[in-house]
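# Structural features, examined
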Amino acid sequence: MIVELGHFALILALMVALVQSTLPLWGAHRGDARLMALAGPAALVQMVLVSASFAALTWAFVVSDFSLAVVVSNSHTLKPMLYKVSGVWGNHEGSLLLWVLILAVYGAAVAAFGANLPARLKARVLAVQGMIGVAFLLFLLLTSNPFWRLALPPLDGQDLNPLLQDPGLAFHPPFLYLGYVGLSMAFSFAVAALIEGRVDAAWGRWVRPWTLAAWVFLTIGIALGSWWAYYELGWGGFWFWDPVENASFMPWLLAAALLHSSIVVEKRESLKAWTILLAIMAFGFSLIGTFIVRSGVITSVHAFANDPERGVFILMILAFFTGGALILFALRAGSMEARGVFSLVSRESALVANNILLTVAAFVVFIGTIWPLVGTMLLGRDLSVGEPFFNAAFSPFMVALALILPPGAMLAWKRGDIGRSLRGLIPIMVLAVALGALAFAMQTGQTALGPIGLMLGAWVGFGALADLWARTGREGLGARFARLGRLPRADWGKATAHFGLGVTIFAVSAMMSWKIEDIRVVQEGETFPLGAYEVRLDKVEEVQGPNYTSTMGWMTVMRNGETVAVLNPEKRIYPVAQMPTTEAAIDYGPLRDVYLVLGDRQQSGGWAVRSYIEPFANWLWAGCILMALGGFLSLSDRRYRVAAGARRVPAGVPAE
Amino acid sequence: MKRALLLLAFLLAATPVAAVQPDEMLADPLLESRAREISRDIRCPVCQGETIDDSNAPISRDLRLIIRERLVAGDTDAEVVDYIVARYGEGVLFNPPAEGANLVLWLAGPALLLAGIAVAVAAARRRVAPDQALSAEEEARLQEILKR
């Protein structure tokens with residue numbers, strides 16, 4: 001019964017979305033305040049209905065209702081409760097319902113907190129948001145209905161893919177979706193502005209928080225996925241340039257570009273047309289990401305559910321929204337007059353350079369991702385593109401970005417003095433080069449990647465701090481420290497996020513160049529050296545878990561004879577899904593992780609053991625957290641809260 | 001459903017159990033590190049998204065052994081790669097060589113970068129120019145006004 005109610009609520013939500021996407025748009029065109037006012041309540045009702053539907057599906061998973069096809073193929077009575085709940089979105093149908101739910105929540109947020117938006121703009125934004133809702137609700141109901149009943153329910157389910165039964169991955173999809181769908185808000189605002197034919201500073205101020213929030217969520221989602229790959233996949237890698245990873249990385253790059261260009265719109269009323277285009281592209285790439293993941297056109301380790309019919313449907317959605325928005329853009333972009341002029345050397349130009357580099361980098365990821373498809377469809381060749389290509393073709397743009405970031409961030413608006421910002425950064429430059437040289441001297445005969453990464457990371461990271469410090473003025477130390485605390489949160493957010501980027505750059509190159517790997521056969525009781533450590537395999541035993549059996553090793557990590565940690569790497573077998581997994585055991589440390597993996601039993605009686613020293617692995621996650629934190633700090637800046645109240649438009653806008 | 005099962009089979013094959021096995025490894029550390037270097041650029045032919053270095057599929061093990069056999073036989077790295085490509089097709093190369101149609105792949109990024117810079121500079125010039133200089137028409141009008 002509850003399941004039927006959920007199904008029914010979903011259909012009702014589609015009807016409401018249809019109303020939300022048409023009548024307010026018509027009202028905005030005709031200047032009919034009553035029709036425009038329909039948008040808000042419709043968005044709220046849609047949110048309530050989709051929430052009810054989502055709750056019904058969650059309930060079905062929690063009580064293991066095996067009359068539902070989705071529950072049968074993705075759940076099992078013995079599964080821990082956390083994974084029963086995360087199983088709701090651990091599959092195609094449920095994850096799309098989550099997609100639609102987040103979309104509806106964002107729409108409702110505009111309806112609830114957008115009281116100060118001009119009525120016309122608000123109606124149009126919500127209408128566009130409603131159209132996206134219609135498209136995805138249709139997709140859900142027609143091709144991927146999660147409420148499909150089975151005539152003959154089985155006694156138990158087939159279990160969720162054991163690889164997905166993991167706390168890191170339980171929350172990875174929701175964050176990614178919050179990001180993807182958050183970009184739909186930027187898209188809706190962009191399309192509404194195109195319909196309106198007007199973009200001003202207030203528009204920039206409205207778009208920026210949504211983009212920032214989407215970017216923050218994408219950062220967290222990507223970091224969670226990367227962390228999961230690091231500890232779960234069992235060879236210590238954190239990024240594989242897999243099509244599905246790229247699908248989330250492209251929107252992240254474009255969102256980063258968009259949140260920077262919308263600063264220029266907000267502060268300088270320039271780059272308007274470009275920002276609109278970027279907003280369209282960012283959401284377009286979110287849709288392309290959904291298409292890549294859901295259609296399976298590009299095969300990937302992640303392809304858990306794919307189906308050509310669904311792929312075609314998403315392709316149609318993509319064509320409609322991106323194509324429609326681009327046509328609208330072509331018609332209306334001319335009317336977006338830039339007001340602020342700026343010279344070639346200025347903060348604006350630095351942000352343009354940032355945008356070019358990020359956009360081109362996203363494009364390189366895109367072409368690398370679809371190249372195998374191009375090879376098959378157009379060239380008739382079987383081609384693969386992987387890590388070596390991306391490392392070679394993508395990294396130079398990030399290096400260039402890192403190089404220009406610190407001086408660019410310190411340039412003045414409108415007309416800057418590059419010499420002045422570089423002079424302020426001389427100590428940072430010296431520090432960065434010295435650190436790089438030190439690293440180069442300490443490592444012997446390894447790649448230059450590590451030292452260069454350290455240099456760039458220090459340049460960006462300390463450059464961000466120098467930028468913050470420069471904002472405190474020129475008085476005495478005491479006054480400057482006092483002012484540091486009074487700086488707007490946006491400044492702190494900028495410094496934190498840029499600092500986090502520096503940490504990330506350093507950690508990525510450190511992990512790529514200073515990793516130590518050891519593969520060998522170890523007898524029980526045997527000790528072997530690993531970098532500066534010794535590792536002893538004490539014993540291996542069979543252990544019974546809640547829904548798996550485990551072959552667990554006890555391994556002691558020692559340094560100079562003293563025990564550092566006792567680790568339990570495991571090999572698990574999930575009998576229901578008939579699937580083995582490897583659980584690496586990791587001793588996390590501030591400067592290195594010791595990473596142990598238990599392999600197969602050898603004929604000689606020993607065990608295959610893979611061990612790694614992962615240098616600065618925690619710095620990578622810390623860098624991502626700092627970037628996300630910087631975004632949150634910026635979001636909480638006073639100007640968004642004050643502006644929300646100050647620009648309040650009287651409730652009843654007179655009809656023209 | 002059959003497709004899904006097939007994929008599941010691949011996933012099973014691709015599950016993260018130790019990839020390179022100790023018994024495969026060569027005693028000579030130099031040769032072994034060359035073998036690792038090569039195998040990181042070769043795609044596992046049945047699992048698409050993984051290198052043979054990471055993959056646990058039997059065919060990846062075969063490929064890893066072939067690489068080591070060829071290296072022991074005295075092949076250069078390039079010869080080993082050619083040997084594998086001749087048997088398994090260019091699809092196993094994760095790093096498509098920058099020649100022929102693949103040039104598009106390699107040059108697309110730099111080309112777009114140049115285009116982006118050109119557009120941005122042109123736009124900046126257009127934006128700045130009116131600030132700095134008057135057109136001939138404006139100049140004439142200015143002279144006219146000044147004469148009065």
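Residues numbered from 1 in each chain as written. Chains lettered and ligands numbered in written order. Predicted model: local features only at pLDDT ≥ 70, side-chain atom pairs only at ≥ 80, totals over all residues.

### Observations regarding the overall build of chain A
- In terms of regular secondary structure, chain A is built from 22 helices and ten strands.
- In terms of overall dimensions, chain A is globule-like: its C-alpha atoms have a radius of gyration of 27 Å, near the 26 Å expected for 656 residues.
- At a minimum sequence separation of 6, the contacts of chain A that also span at least 24 residues come to 75%. (Helix = DSSP H or I, 4+ residues; strand = E, 2+ residues; numbered from the N terminus. Rg over C-alpha atoms; globule rule 2.2 N^0.38 Å. Contact = placed C-beta atoms within 7 Å.)

### Observations concerning the overall build of chain B
- Along the backbone of chain B there are six helices and zero strands.
- Starting at the N terminus and ending at the C terminus, chain B contains elements arranged as α-α-α-α-α-α.
- At a minimum sequence separation of 6, the contacts of chain B that also span at least 24 residues come to 54%.

### Quick word on the domain arrangement of chain A
- For chain A, the domain assignment lists domain 1 (192-404) and domain 2 (516-615).
- If you average the C-alpha positions of domain 1 of chain A and of domain 2 of chain A, the two centres end up 39 Å apart. (Domains from an automatic or database assignment.)

### Here's the deal with helix α14 (residues 347-379) of chain A
- The sharpest bend along α14 of chain A comes to roughly 45°, located at Ile370 of chain A, with the proline Pro372 of chain A sitting one to four residues further on.
- One or two positions beyond α14 of chain A, positive phi appears at Gly380 of chain A, with a value near 65°. (Bend = angle between axes of the 7 residues up to and from the residue.)

### Quick look at the interface of chain B and chain A
- Contacts between the two partners involve 41 residues from chain B and, on the opposite side, 45 residues from chain A.
- Secondary structure elements with two or more residues in the side of chain B that touches chain A: α1 (2-13) and α5 (102-132) of chain B.
- Per element, the largest residue contribution to the side of chain B that touches chain A is 13 residues, and it comes from α5 of chain B.
- Counted by class, the side of chain B that touches chain A contains 24 nonpolar, ten polar and seven charged residues. (Nonpolar A, V, L, I, M, F, W, Y, C, P; charged D, E, K, R; others polar.)

### As for the nonpolar core
Residues and elements named next belong to chain A.
- Counting 224 residues, the largest nonpolar core has Val100, Ala186, Phe189, Leu254, Ala255, Ala279 and Ala282 as the members making the most contacts within it.
- Ranked by the residues each element gives to this core, the list is headed by helix α10 (residues 201-232), at 18 residues.
- Grouped together as the second largest cluster of nonpolar side chains are 20 residues, Val521, Leu567, Ala585 and Ala608 included. (Core = buried A, V, L, I, M, F, W, Y, C linked by C-beta atoms within 7 Å. Buried ≥ 20, exposed ≤ 12 C-beta atoms within 10 Å, placed from the backbone.)

### Some thoughts on the environment of Val341 of chain A
Residue and element names in this part refer to chain A.
- Locating Val341 in the fold gives a position in the loop between α13 (308-332) and α14.
- When the 18 C-beta atoms within 10 Å are taken as the criterion, Val341 is described as partly exposed.
- On a C-alpha basis, the gap between Val341 and Glu269 in space is 8.8 Å, while along the polypeptide they are 72 residues apart.

### Observations concerning the sheet that holds strand β9 (residues 592-601) of chain A
Residues and elements named next belong to chain A.
- With antiparallel pairing, four strands are arranged side by side in an open sheet as β1-β10-β9-β8. Two strands lie at the open edges of the sheet, namely β1 (516-522) and β8 (585-587), each paired on one side alone. For this sheet the average axis-to-axis angle between neighbouring strands, irrespective of direction, equals 15°.
- Of the pairings in the sheet, the one linking β8 to β9 comprises three bridges and is antiparallel in character. Paired with Ala585 across the bridge in β9 is Leu596. (Pairing = 2+ DSSP bridges. Axes fitted to C-alpha atoms, helices over the stretch in contact; angles between N-to-C directions.)

### Focus: helix α18 (residues 449-470) of chain A
- Helix length check: α18 of chain A (22 residues) gives 31 Å between terminal C-alpha atoms against 32 Å at 1.5 Å per residue, within 8%.
- Of all 22 residues making up α18 of chain A, 16 are buried, and the element is well covered by its neighbours. (Expected span 1.5 Å × (residues − 1).)

### A closer look at unusual backbone geometry
Residues and elements named next belong to chain A.
- Of note, the phi angle at Ser64 is positive, near 55°, even though the residue is not glycine.
- Checked against the element boundaries, Ser64 lands in the loop between α3 (39-62) and α4 (69-74).
- Judged by the 18 C-beta atoms lying within 10 Å of it, Ser64 falls in the partly exposed class.
- The phi dihedral of Asn560 falls on the positive side, at around 50°, and the residue is not glycine.
- Within the fold, Asn560 resides in the loop between β4 (549-559) and β5 (562-567).
- Asn560 sits in the exposed class, given 8 other C-beta atoms within 10 Å.

### Side note on the pairing of β9 of chain A
Residue and element names in this part refer to chain A.
- Of all ten residues in β9, eight are buried; the element is thus mostly enclosed.
- Inspection of the sheet shows β9 paired to strand β10 (residues 607-615) by eight bridges, in the antiparallel sense. The partner of Arg592 across the bridge, within β10, is Pro615.
- Count of turn residues in the β9/β10 antiparallel hairpin: five residues, of which Gly605 carries a positive phi of about 105°.

### Quick notes on the confidence of the model for chain A
Residue and element names in this part refer to chain A.
- Looking at chain A as a whole, its pLDDT mean stands at 87, while 95% of the residues score no less than 70.
- The element-level mean pLDDT for chain A is lowest in helix α22 (residues 638-646), coming to 55, with helix α21 (residues 617-635) highest at 95.
- This model gives residues 300-305 a pLDDT under 50, and the stretch forms 16 contacts once residues within four places in sequence are excluded.
- In this model residues 643-656 is a low-confidence stretch, pLDDT under 50, and it forms 13 contacts with partners more than four residues away in sequence or in other chains. (pLDDT = per-residue confidence, 0-100.)

### What about the packing of helix α15 (residues 387-410) of chain A against α18 of chain A?
All names here are of chain A.
- Close contact between α15 and α18 brings their axes to 9 Å; oriented N to C, the two are set at 10°. Here α18 runs roughly parallel to α15, going by the angle between their axes. Crossing angle aside, the handedness with which α15 passes α18 is left-handed. Seen from α15, the contacting residues are Val399, Ala402, Leu405, Pro406, Ala409 and Met410; seen from α18, they are Leu456, Trp459, Val460, Gly463, Asp467 and Ala470.
- Within the contact of α15 with α18, the residues separate by chemical class into ten nonpolar, one polar and one charged. (Parallel < 35°, antiparallel > 145°, perpendicular 65-115°, else oblique. Left-handed = near helix turned anticlockwise from the far one by under 90°.)

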